[in-house]
Amino acid sequence: MLDTNIALYYLGGRLTAPLPISLYHASIITEMELLSYPNLSKIEEQQIQNFLAQLLIVNIDEPIKSMAFVDSTV
């Protein structure tokens, strides 16, 4: 599961090592954060869309939301 910071580092070419080839997931929150970045150019938006198209986007439903609350109390 990639969070927004990893996505930004990847898109900005700032990862210290490439991501291993794998199936990656991102939450719909990450998708929203990336696409709502202020002053995105059309090119940047397209790069983000291309990146997101390679991921499995996970919606937030009650079981996932509950797991997040349980995990945050540990």
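**So, unusual backbone geometry**
Not every positive phi belongs to a glycine, and N39 is a case in point at roughly 60°. Considering the arrangement of structural elements, one finds N39 in the loop between α2 (28-35) and α3 (42-53).

**Regarding the confidence of the model for the protein**
Scored by pLDDT, the protein has a mean of 89; 92% of the residues are at 70 or more. Taken element by element, the predicted model of the protein shows its lowest mean pLDDT in helix α4 (residues 62-72) (72) and its highest in α3 (96).

**Details of the packing of helix α1 (residues 4-11) against α2**
Packing of α1 against α2 brings their axes to within 9 Å, and their N-to-C directions diverge by 45°. Classed by the angle they form, the pair α1 and α2 counts as oblique. Judged by the sense of rotation from one axis to the other, the crossing of α1 with α2 is right-handed. Seen from α1, the contacting residues are T4, A7, L8 and L11; seen from α2, they are T30, E33 and L34. Looking at side-chain class alone, the contact of α1 with α2 contains four nonpolar, two polar and one charged residues.

**Points about the packing of aromatic side chains**
Using the criterion set out here, one finds one aromatic pair in the structure. Here the guanidinium or amino end of R14 rests over the ring plane of Y9, the centre of that ring lying 4.6 Å away.

**A look at a nonpolar patch on the surface**
On the surface, I29, M32 and I60 cluster together to form a nonpolar patch covering roughly 270 Å² of accessible area. Tracing the backbone through its elements, the reader meets I60 in the loop between β2 (56-58) and α4.

**Here's the deal with the nonpolar core**
With nine residues, the main nonpolar core is built from L2, A7, Y24, A26, L34, I48, F51, L52 and L55. Here the element with the most residues in this core is α3; it accounts for three residues. Residues contacting Y24, with those up to four places away along its chain left out, are L2, L19, L55 and L56.

Criteria and thresholds
Residues numbered from 1 in each chain as written. Predicted model: local features only at pLDDT ≥ 70, side-chain atom pairs only at ≥ 80, totals over all residues. Heavy atoms only, no water. Helix = DSSP H or I, 4+ residues; strand = E, 2+ residues; numbered from the N terminus. pLDDT = per-residue confidence, 0-100. Axes fitted to C-alpha atoms, helices over the stretch in contact; angles between N-to-C directions. Parallel < 35°, antiparallel > 145°, perpendicular 65-115°, else oblique. Left-handed = near helix turned anticlockwise from the far one by under 90°. Contact = heavy atoms within 4.5 Å. Nonpolar A, V, L, I, M, F, W, Y, C, P; charged D, E, K, R; others polar. Phe/Tyr/Trp six-rings, centres within 6.5 Å; stacked < 30°, edge-to-face > 60°. Lys NZ or Arg CZ within 6 Å of the ring centre and 35° of its normal. Patch = residues over 30% accessible without salt bridge, like charges linked within 9 Å, V, L, I, M, F, W, Y side chains within 5 Å. Areas by Shrake-Rupley, 256 points an atom, 1.4 Å probe, with all protein chains shown as cover. Salt bridge = Lys/Arg side-chain N within 4 Å of Asp/Glu carboxyl O. Core = buried A, V, L, I, M, F, W, Y, C linked by side-chain atoms within 4.5 Å. Buried < 20%, exposed > 50% of the residue type's maximum accessible area, 1.4 Å probe, protein only.

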